[in-house]
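Okay, here's what each chain looks like letter by letter:
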Amino acid sequence: MAVKAESKFWADNLAYGSATILSGILNWLYAILLAHGMGPARYGVVVTLNNVVAVVTLPASVVTLAATRRGKPCRKLLRIRIWYGAAGTLLWVVMAIFSTFLSSAFKISPSLFLIFGLATWPIIDYAANLGYLARARQYLWLGILTVAGSALSVGAVLGAVQWPEPVAALGLLQALALWILWATSARAVKRVPVESAPNPQSIALSAGVGIAQSVMTLMDGVVAKARLRPVQAGYYNGLATVGQSLPFAAASLALVMLTAMLDRPQQRTKWLHWTLAIYLGLGFGIEGLFWRMPKTIVDWALGGRFNTVSHWLVLYGLGMLALGLLMIYLAEAIARGWWELLMLVIGGLALWMLLLIHAHGFPGLVHATALSLILVSFAVLATRTWLNWHNG
């Protein structure tokens, strides 16, 4: 049985990891086409719109991890889908209400927030579907949906740049892509077995981790757009696009580790050690590329107009390496019920925000991000070691 469990762990990592790599390549292609087709200023606008939508749809991240911990419920899903659909529509209404304020804060047309916000309608139920598939360890389906989402985004950029108003067109096409993904995931979930309900506290912990992870991947990009001039904000978000390849990989590994821990709790330490070994090997390899050939990577990923950010890639990459470690340890916290780690990360997020607010210009934001995330990762590692020893 142990050999079968290990084979399943590696098979899941291979399936979902391969899909994540392919999705990452497509995401870089998305960034390349966006950067070359729209330039730094419009690039910054699009990234900001995507980030604002991601902030508004934080409940989706909560639902995904909660559904992963919960599994597919025994009752019929139709009523749940109706409620989730209503919640998604409500999120769009919230964006509509605050569109004028958002326009003033980010210097973007209010209509663009409404257009990009159309993606909120199906996103909550789609997030739940992903969670059901993850709990059932259906990583082939998750991989298909991950790759399809990135491929549709690339197609959206290719189509949008042909229009007179490319940013608005991109928002419409990205919303359409999400509807396609939702319909596909709904069909896949029909085959997923029902799971018995876990302890409500563990679902609440999963929800908290979902919020924390989403905020961590979005915060500095949103602050950059609010505090920097449009071109500088575009440069910063371009840097984030390249640097966040590290936590992007960590998210894939953490999800496979979490579901393996839920299925085989007696082997949680082994799953953690293997996951860390894979991630650190990948992470230091990528960081080595950032150090040896930063200009080549930036030129390939974003275009020559973004070369000014290349000398910041190593420092920012260290911060993102730490962010990926936080994601892995938070996934372990869900499996073990360690609220202490979540509380510590929330405190770290407050520190990060404080440093970002008081940072000066582009360099200050990079230093604030790297410093705060590295400090929090060391604090989480120390606390995790103590919790593991204390709980024996």
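Everything that follows concerns the structure shown earlier in this document.
In this text the structure is predicted, and so the values were computed from the model without any measurement. (Residues numbered from 1 in each chain as written. Predicted model: local features only at pLDDT ≥ 70, side-chain atom pairs only at ≥ 80, totals over all residues. Heavy atoms only, no water.)

Describe the overall build of the protein chain, with residues and values.
Per the secondary structure count, the protein chain includes 16 helices and zero strands. Expected size for 392 residues packed as a compact globule is a radius of gyration near 21 Å; at 20 Å, the protein chain falls within 12% of this value. The buried share among the 392 residues of the protein chain stands at 55%. Here the analysis covers contacts within the protein chain between residues at least 6 apart in sequence; of these, 84% occur between residues at least 24 apart. If you sum the accessible surface of the protein chain, you get close to 16,900 Å²; carbon and sulfur atoms cover 70% of it. (Helix = DSSP H or I, 4+ residues; strand = E, 2+ residues; numbered from the N terminus. Rg over C-alpha atoms; globule rule 2.2 N^0.38 Å. Buried < 20%, exposed > 50% of the residue type's maximum accessible area, 1.4 Å probe, protein only. Contact = heavy atoms within 4.5 Å. Areas by Shrake-Rupley, 256 points an atom, 1.4 Å probe, with all protein chains shown as cover.)

Could you give me a rundown of the pattern of salt bridges, with the residues and numbers involved?
In this structure the tally under the stated criterion is eight salt bridges. Arg137 serves as the salt-bridge partner of Asp263, at 3.1 Å between the closest nitrogen and oxygen. Linking Asp263 in helix α11 (residues 245–263) with Arg137 in the loop between α6 (120–135) and α7 (139–160), this pair joins segments that are 126 residues apart in sequence. Its relative accessible area of 36% is what places Asp263 among the partly exposed residues. Residue classification places Arg137 among the buried residues on the basis of a relative accessible area of 8%. Through salt bridges that share partners, Lys8, Asp12, Arg135, Arg137 and Asp263 make up one connected network. (Salt bridge = Lys/Arg side-chain N within 4 Å of Asp/Glu carboxyl O.)

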